[in-house]
Every structure is written in structure tokens, then in C-alpha cells.
Amino acid sequence: MPSAETPSQPEPERPTSPQLQTKGPRRRLAVGVACLLALSAWLLDQGTKLWVERTMEIGQQVDAIPPVLFWRYHLNPGAAFSMGTDHTWVFTIIQALVLAVGLFYLSRLGGSWLWTLGLGGLIGGVAGNLTDRLFRAPSLVDGSFEQFGQGHVVDMIAVPHFAVFNVADSFIVCSIIGLCALMLFGLNVDGTRDAKNTSATKDTEAN
């Protein structure tokens, strides 16, 4: 008699790293809060720049909280904190790319207040300096684009032994540091956290 064929067994699925969902805002709320923060950062940045342009002369310094904080009107053709002043157009392209990436991740928000605040601050800060690159001289002069994308960024915050910077720079640097820390500790943009990273964190706290 022919032996009965043994039914083939399905191949076991490969184990995947489980993800834990943290408590946080829903996607719509997270996107709304991030957009509001980005808009607030942009308005604060542009508002302080307009104030400096209308009330101070280039190079002028005014005491704010001496001797630790001063207002100093400075035009910066380079990156944050006056770095790379000879390559303005390069930083314009980089800022445009960072803004595009930030807007892409904006649609994936939800579940993490920290990601919401970090991403909103980054978008607002980058948009603030990019506005200067595109719409301030020498990019835009008398209504015409002379050197498009090479506008000088207005800086005004001066502290001892450090470069002059602005509100946008502050949002950018703080947000990047925060977002890098979130990625280092395994917290994803959608609020999920790898169980492996969670277990490792608990073991570290226990020790």
C-alpha cells in the first residue's frame, strides 16, 4: 500500500523585533502641535531680525544682560555661528534639503511628544534661516533676485567668547541634539520603541 504523504509543514516565521507603543499624542494632534511650534519659531526668528534691522546699525552692540548677553547686529553669509562664510549657496541647498526631510517626517508623527517638539523646532529654525537666504540681500535687491539663494542671515545674539547667532540657530541646534538623543535611545518618530532597547534600558536602570 502506498504510504500516506505527510503534509508539508509551513516554515516558521522569522522572529522580528517587537515594538512597544509609548503613550503620546495622536497623529493629527502631533502634526498640529509641530506645525504650530514651527510657525511660532519662524515668527519669533523673523520678528527679532526685523527689530534689529529697524533699530540698529550693522556692527552696533547694545547691552541686554551684561556681561553675559548682548544684542549685536551682524550679517552672516555662512552657516550657523558664522561657519563657512565663503560657501553661502551650499548651505542654502543643505537647508532646503533638511526642510524637505523634516516635512516628510512630519507626516509620520504620532505617539511621541518629544519627536513632535523636536521636529517642529527644527522645521521652524531651518525655515527662518532659509527665508533670509532667499529673500534678503544680496539674494533679493530692490525687488529683483541678484544672487539667488545667497542672502545673508541676520544674527543678533552675542555672548562672551562665542560666535554671534540668532533665534533660528538656537532652535536648530537644540532640536538636532534632542532628535539625535531620541534616535540613540530607540524612540521612533511614530512613538514606537524597540522592545530590545526598552529591555536594555530597564537592565541599565536595575544595575
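It should be noted that the structure appears before, not after, this text.
Rules used throughout
Residues numbered from 1 in each chain as written. Predicted model: local features only at pLDDT ≥ 70, side-chain atom pairs only at ≥ 80, totals over all residues. Heavy atoms only, no water. Helix = DSSP H or I, 4+ residues; strand = E, 2+ residues; numbered from the N terminus. Buried < 20%, exposed > 50% of the residue type's maximum accessible area, 1.4 Å probe, protein only. Contact = heavy atoms within 4.5 Å. Salt bridge = Lys/Arg side-chain N within 4 Å of Asp/Glu carboxyl O. Core = buried A, V, L, I, M, F, W, Y, C linked by side-chain atoms within 4.5 Å. Pairing = 2+ DSSP bridges. Axes fitted to C-alpha atoms, helices over the stretch in contact; angles between N-to-C directions. Expected span 1.5 Å × (residues − 1). Polar contact = N/O pair within 3.5 Å; in protein donor to acceptor, adjacent residues only side chain to side chain.

> Before we go on, may I ask you to explain the overall build of the protein chain in this structure?
Counting secondary structure elements, the protein chain contains 5 helices and 7 strands. From first element to last, N terminus to C terminus, the protein chain shows the α and β order β-α-β-β-α-α-β-β-β-α-β-α. Out of the 207 residues belonging to the protein chain, those deemed buried represent 36%. Expressed as a percentage of contacts within the protein chain between residues at least 6 apart in sequence, the contacts between residues at least 24 apart total 65%.

> Would you take a moment to explain the pattern of salt bridges for this structure?
Any two side chains of opposite charge can pair, on the condition that their charged atoms come close. Within the structure shown, the criterion is met by 4 salt bridges. Close ionic contact of Lys49 with Asp132 constitutes a salt bridge, the shortest N to O distance being 2.8 Å. You can see Lys49 sitting in helix 1 (residues 27-55) and its partner Asp132 sitting in helix 3 (residues 113-135), a full 83 residues away along the chain. Of the two residues, Lys49 and Asp132, both sit in the buried class. A salt bridge links Arg136 to Asp132, with the nearest nitrogen and oxygen atoms 2.4 Å apart. Arg136 sits in the buried class, given a relative accessible area of 12%. One salt-bridge network, held together by shared partners, links Asp45, Lys49, Glu53, Asp132 and Arg136.

> I'm lost on the nonpolar core in this one. Help?
Counting 18 residues, the largest nonpolar core has Leu99, Leu106, Leu109, Trp115, Leu119, Ile123 and Leu179 as the members making the most contacts within it. Put simply, the parts of the chain that give this core at least two residues each are helix 1, helix 2 (88-106), helix 3 and helix 4 (167-184). Sort the elements by how many residues they give to this core and helix 3 lands first, with 7 residues. Residues contacting Leu179, with those up to four places away along its chain left out, are Trp115, Gly118, Leu119 and Leu122. Formed by 9 residues, the second largest nonpolar core is a distinct cluster that contains Val52, Tyr73, Met156 and Ile157.

> Would you mind showing me how to read the sheet that holds strand 6 (residues 153-158) here?
Sheets are built from strands paired through backbone hydrogen bonds, the pairs being either parallel or antiparallel. Spatially, 3 strands are ordered 2-3-6 in an open sheet, and the strand pairing comes out antiparallel. Each edge of the open sheet is held by one strand with a lone partner, namely strand 2 (61-65) and strand 6. Each adjacent strand pair in this sheet contributes to an overall mean axis angle of 30°, direction not counted. Here strand 3 (residues 69-76) runs beside strand 6; their pairing, made up of 5 bridges, is antiparallel.

> Quick question: what am I supposed to make of the environment of Leu134 here?
Its location among the elements puts Leu134 in helix 3. The spacing of Leu134 and His152 is 18 residues in sequence and 8.9 Å in space, taken between C-alpha atoms. Excluding anything up to four places from it in sequence, Leu134 contacts Thr92, Ser139, Leu140, Phe145, Phe148 and Gly149.

> Whenever I open this one, unusual backbone geometry confuses me. Can you help?
With the exception of glycine, most residues fall at negative phi, and the peptide bonds are largely trans. Between Pro66 and Pro67 the backbone carries a cis peptide bond, its omega angle lying at 5°. If you trace the backbone, Pro67 turns up in the loop between strand 2 and strand 3. Between Ala137 and the following residue, Pro138, the backbone shows a cis peptide bond with an omega angle of 0°. Inspection of the secondary structure assignment puts Pro138 in the loop between helix 3 and strand 4 (140-141). Phi angles above zero are rare outside glycine, and Asp142 is one such case at about 55°. In this fold, Asp142 is placed in the loop between strand 4 and strand 5 (144-145).

> Looking at this structure, how should I read the pairing of strand 3?
A regular strand places its side chains so that they alternate between the two faces of the sheet. Looking at chain direction, strand 2 and strand 3 are connected through 4 bridges and run antiparallel. Along strand 3, the bridge assignment pairs Asp63 with Phe70. Where strand 2 hands over to strand 3, the hairpin turn is made up of 3 residues, counted between the paired strands.

> What is the right way to read helix 3 from this model?
Because an α-helix packs 3.6 residues into every turn, residues spaced three or four apart end up facing the same way. Over its 23 residues, helix 3 runs 33 Å from end to end, which matches the ideal 33 Å to within 8%, given 1.5 Å per residue. Across the 23 residues of helix 3, 18 count as buried, placing the element largely inside the fold. By the N-cap criterion, in which a side-chain oxygen at the helix start approaches the backbone nitrogen of a residue two or three places on, helix 3 is capped by Ser112, the distance to Leu114 being 3.4 Å.

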